[in-house]
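# Architecture at a glance
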Amino acid sequence: MKQLLKTLTETFSPSGYEDEIRKVILNEVKSLADEVRVDALGNLIVRKKPIKGTKSPKKIMIAAHMDEIGLMVTHVDDNGFVRFTGIGGVYPRNLVGGHVRFANGVSGVIGLEPTSSPSDVPALNKMFVDVGATSKKNCPVKTGDVAGFERSFLDLGDRLVAKSMDDRIGCLVAIEALRALKSTPHDVYFVFTTQEEVGTHGAQTSAYGIDPDLGFSIDVTSWGDTPGQKDFEVALGKGPAIKIRDGGMLSDPRIVDWMIRTAEKAKIPYQREVLLGGTTDARAMQLVRGGVPVGCVSIPCRYVHTPAEMVDFNDVKNAVKLIGLMLKNSVSI
Amino acid sequence: MTDILPFLKSIISVAGLSGYETPVANLIEEKWTPLVDEISRSRLGSIHGLKKGSVSGKASRPSVLIATHMDAIGLMVTRIVDGFIYVTNIGGVDARVLPGTPVLVHATKSAKELYGVVAMPPANLLPEGQSAGAIGLKYLMIDTGLTPREVSKRVHIGDRVSFNTEPVEMSGGCISGHTLDNRASVAALTICLEELQAKSHIWDVWALASIQEEVTFGGSYTSTYQLRPTIAIALDMTFGNGTGSNDHTAFPIGKGVTLGIGPSVHPFLHKRFKEVAERVEIPVKDEALPDHSSTDADAMQLTAEGIPTMVVSIPQRYMHTPVELVALKDIQRAGRLLAEFVASLEADFINKIAWD
């Protein structure tokens, strides 16, 4: 599982450019699924059919996004310095000293224009990528090229660190839950979605296409257990978090109940999540067509949207267990 | 005209926060059931009441959807410290007026509601610069009078907290209470349905009590998609004149309802509303909505291939506080105006909705 997570997190896939990660995931899931397809926005839709003879099975959609935040080149100046903008929630202070890689394999480091004080962090438009070029002409990247962050996977035992743990950890949980799901009374659609970081686009269209009866997303959530973090009662290692609300959505109370009942019955540790900002694919799923009851299983993750996102392996394993049980047994909602 | 006050008081005496509308939905469904031909709930819990029009045939019946959201703003537990409950908002809560507010904590660990009051921490416990003036929501706390042990035994993170102010009938034909936004509109739509019992109307009417307007417009997005009306009207609250709000962005209480003008409103629907109001002598004022309307209309307009929408509003003072204040007369007027509008819709009205 850790080896797969290493591969998943070290793969390049900024929003809108998910080809590489889709190949990795497809390779992993094709032997496990009854049906696999890729839709117009690039979502990878993996179906596990219900046991034969199941009466009116429920269509359940589970979304884990496979895109990650990244950079896009806005222009290259005469001296070969590459100016850029963010794809998704890119925060300037997380970029300083960063190492990026472009889709064509070119690597670069992030430099800053001088600030009035060394402790100031400039805005994105005062930063640039230095790819070692000396002129616009010999610069190997051009306007519109896309870069992802580079950082190798780090195994600290229980704690695992990587770039794009948001939301490759959700992808891993979905893959492992599918692997463990030998049979199900539901019509299950695991969707590895595109473009979540720029507005839950992949979830919106794939949910429209699938028209599920209910569903949930698997994504990272924030953390409250490092120095100075306040007002958020979620910690690493205390179990997956069951989302009650976030900045963009109120989970359907019936889905929350389903998750909590399943966790309690199987004595799986869990945390109750009340997140003030940010949202997940579930928001888009909730509002699609005539509306879908949804929720979210969250993996607590420190340092979200930096190249060093940290999760606890036990939370990951417990999330796989929780989702496996939810999909194995019937549910009435 | 029947007296709407008892029903209005009943629906502002229960909770029904965004995402958890069932308590108020039950009351509304009970009230609407005898007034409509069919009633059901959406997958997310919105109420759909259908009062059929007189047009014959099943195919392509024209329909007007009237949306009044039934969800309420409120609070949600974020953490518990020494028996005091800290909260965040569900929907836009004006935290300046919260200290001293009676609340109900919907404590799910014990499946029992707890009475509480919103308390302010003493100045010496607040961070520097926070002790003067209005205190931010994250510093306020709820005191239930229980010991820390008892609170921890009963209250979960994520539990809802609703306002528990009693409705007050005031002088001058006004009512004050929590969640008049937008249950005053639910009451007005109920009056509309009552009026339509004795009026003939060609178009089908969908009465929608929508969920989650205060957070995502979730009810109007999804119900409009499902019901696919020909036209749609949002009935909601607007800002009433009062101390400190006497400019053109606020409207006098008790002097009639407002008709929205702006990109969220189809000009032809506005024109028809104005004509109807003049004919039946209901006072109306134009309300400029130059950007979005911040009502269900914003979502309904963008549903499917697009739906012509209208925004009608009832002026209200102290929006998004536990003591919202509305004139009963305006509620009656909104209900009557809607009924007269519906009755005015001729079979080929939609063909007249045309851009020049």
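Everything numeric here is computed off the predicted structure, so don't read it as measured data. (Residues numbered from 1 in each chain as written. Chains lettered and ligands numbered in written order. Predicted model: local features only at pLDDT ≥ 70, side-chain atom pairs only at ≥ 80, totals over all residues. Heavy atoms only, no water.)

The next subject is the pairing of strand β4 (residues 74-81) of chain B. All names here are of chain B. Most of β4 is tucked away, with 6 of its 8 residues classed as buried. Following β4, the chain reverses through 2 residues before pairing antiparallel with strand β5 (residues 84-90); Asp82 in that reversal takes a positive phi of roughly 50°. Pairing analysis gives 2 bridges linking β4 to strand β9 (residues 160-163), with the strands arranged antiparallel. Bridge assignment links Met76 to a residue of β9, and that residue is Arg160. (Buried < 20%, exposed > 50% of the residue type's maximum accessible area, 1.4 Å probe, protein only. Helix = DSSP H or I, 4+ residues; strand = E, 2+ residues; numbered from the N terminus. Pairing = 2+ DSSP bridges.)

This next bit is on the side chain of Asp159(B). Tracing the backbone through its elements, the reader meets Asp159(B) in the loop between α3 (148-154) and β9. Separated by 2.8 Å, the side chain of Asp159(B) and the backbone nitrogen of His156(B) make a polar contact. In contact with Asp159(B), other than residues within four places in its own chain, are Arg272(A), Leu75(B), Met76(B), Val77(B), His106(B), Ala107(B), Thr108(B), Lys109(B) and Arg154(B). (Polar contact = N/O pair within 3.5 Å; in protein donor to acceptor, adjacent residues only side chain to side chain. Contact = heavy atoms within 4.5 Å.)

Attention now moves to the layout of surface pockets. In this structure, the largest pocket spans a volume of roughly 680 Å³. Looking at the lining of the largest pocket element by element, the count peaks at 3 residues for strand β13 (residues 214-221) of chain A. For the lining of the largest pocket, a count of residues per class yields 7 nonpolar, 14 polar and 6 charged. Taken domain by domain, the makeup of the lining of the largest pocket includes at least three residues from each of domain 1 (2-68 + 163-328) and domain 2 (70-149) of chain A. In this model, the second largest pocket occupies a volume close to 520 Å³. Taken together, 27 residues line the second largest pocket, and the ones lying closest to its centre are Met237(B), Thr238(B), Phe239(B), Ser293(B) and Ser294(B). Listed by contribution, the elements that provide at least two residues to the lining of the second largest pocket are β13 (231-239), β15 (284-288) and β16 (309-316) of chain B. (1 Å grid on protein atoms, 1.4 Å probe; cavity = no way out; pocket = protein on both sides within 12 Å on 5 of 7 lines; lining within 4 Å. Points joined across faces, edges and corners; volume = space filled by probe spheres on them. Nonpolar A, V, L, I, M, F, W, Y, C, P; charged D, E, K, R; others polar. Domains from an automatic or database assignment.)

To continue, consider helix α6 (residues 267-280) of chain B. Residues and elements named next belong to chain B. Helix length check: α6 (14 residues) gives 20 Å between terminal C-alpha atoms against 20 Å at 1.5 Å per residue, within 8%. Looking only at α6, the buried set comprises Phe268, Leu269, His270, Arg272, Phe273, Val276, Ala277 and Val280. Those residues of α6 that are buried are in contact with β13, β14 (257-261), β15, β16, α8 (328-344) and α9 (349-352). Of the residues one or two after α6, Glu281 is the one with positive phi, at around 55°. (Expected span 1.5 Å × (residues − 1).)

Turning our attention to the sheet that holds strand β11 (residues 159-162) of chain A. Residues and elements named next belong to chain A. Judged by pairing direction, the sheet is antiparallel, and its 3 strands sit side by side in the order β10-β11-β17 without closing on themselves. One side of each edge strand has no neighbouring strand; the edge strands of this open sheet are β10 (154-156) and β17 (309-312). In this sheet, neighbouring strand axes are inclined to one another by 20° on average, regardless of whether the strands run parallel or antiparallel. Pairing analysis gives 4 bridges linking β11 to β17, with the strands arranged antiparallel. (Axes fitted to C-alpha atoms, helices over the stretch in contact; angles between N-to-C directions.)

This part takes up the domain arrangement of chain A. Accessible area lost on assembly of the parts is the figure often given for the size of an interface. Residues and elements named next belong to chain A. In terms of domains, chain A is made up of domain 1 (2-68 + 163-328) and domain 2 (70-149). If you average the C-alpha positions of domain 1 and of domain 2, the two centres end up 31 Å apart. The contact between domain 1 and domain 2 buries some 1000 Å² in all, and 63% of this surface belongs to carbon and sulfur atoms. A per-residue breakdown of the area domain 1 buries against domain 2 is headed by Phe12, Tyr17 and His305, which together make up 45% of the total. Our count for the domain 1 to domain 2 interface comes out at 0 salt bridges. At the boundary of domain 1 with domain 2, the tally comes to 2 residue pairs in polar contact (both at pLDDT 80 or more). Considered class by class, the residues forming the side of domain 1 that touches domain 2 number 5 nonpolar, 3 polar and 4 charged. (Buried area = accessible area lost by both parts, 1.4 Å probe. Salt bridge = Lys/Arg side-chain N within 4 Å of Asp/Glu carboxyl O.)

Let us look at the domain arrangement of chain B. Residues and elements named next belong to chain B. Segmentation of chain B into domains returns domain 1 (5-72 + 178-352) and domain 2 (74-163). Relative placement of domain 1 and domain 2: their C-alpha centres are 33 Å apart. Contacts between the two partners involve 11 residues from domain 1, matched on the other side by 16 residues from domain 2. Summed over both partners, the interface of domain 1 with domain 2 buries about 1000 Å², with 73% contributed by carbon and sulfur atoms. Its largest share of buried area at the contact with domain 2, domain 1 owes to Leu17, Tyr20 and Pro322, together 46% of the area lost on that side. At the surface where domain 1 touches domain 2, the tally comes to 3 residue pairs in polar contact (both at pLDDT 80 or more).

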